[in-house]
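Coordinate analysis (summary)
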Amino acid sequence: MGQSVQKVPAREMWLKLDQDKSGVLDRKEADTLLHLIWKTYKVQKPLSAEVVTNILAELDVNKDGKIVQKEFEELYDGLWEE
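Residues numbered from 1 in each chain as written. Predicted model: local features only at pLDDT ≥ 70, side-chain atom pairs only at ≥ 80, totals over all residues. Heavy atoms only, no water.

Topic: the pattern of salt bridges
- All chains considered together, the criterion is met by one salt bridge.
- Between Glu74 and Lys70 there is a salt bridge, and its shortest N-O distance comes to 3.8 Å. One end of the pair, Glu74, and the other, Lys70, are both in helix α4 (residues 69-81), four residues apart, so they sit about a helical turn from each other. (Salt bridge = Lys/Arg side-chain N within 4 Å of Asp/Glu carboxyl O. Helix = DSSP H or I, 4+ residues; strand = E, 2+ residues; numbered from the N terminus.)

See below:
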């Protein structure tokens, strides 16, 4: 991902960001999540609006316009396997 840092568990990251406890991330919460990930892991690639849009599209596996915890955790955990 970025520089060598210890992985924050996906569930912990999710609980910090699902602010309304709805079980899904809206666009604002997802944007906040991505910025937190970039900051926490010191990701070198700039987090442009296009990058955010592309990542959100990938996170929304079933294309229902919502990001649910399972979709997030699967992708988040997959990043650590790369």
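The rest of the description comes next.
Brief notes about helix α2 (residues 27-41)
- The end-to-end C-alpha distance of α2 is 21 Å, a good match for the 21 Å that 15 residues give at a rise of 1.5 Å each.
- Within the span of α2, buried status applies to Glu29, Ala30, Leu33, Leu34, Ile37, Trp38 and Tyr41.
- Residue Asp26 occupies the N-cap position of α2, its side-chain oxygen lying 3.1 Å from the main-chain nitrogen of Lys28.
- Downstream of α2 by a residue or two, Lys42 has a phi angle that is positive, lying close to 50°. (Expected span 1.5 Å × (residues − 1). Buried < 20%, exposed > 50% of the residue type's maximum accessible area, 1.4 Å probe, protein only. Polar contact = N/O pair within 3.5 Å; in protein donor to acceptor, adjacent residues only side chain to side chain.)

Distances and angles like these do not, on their own, reveal function.
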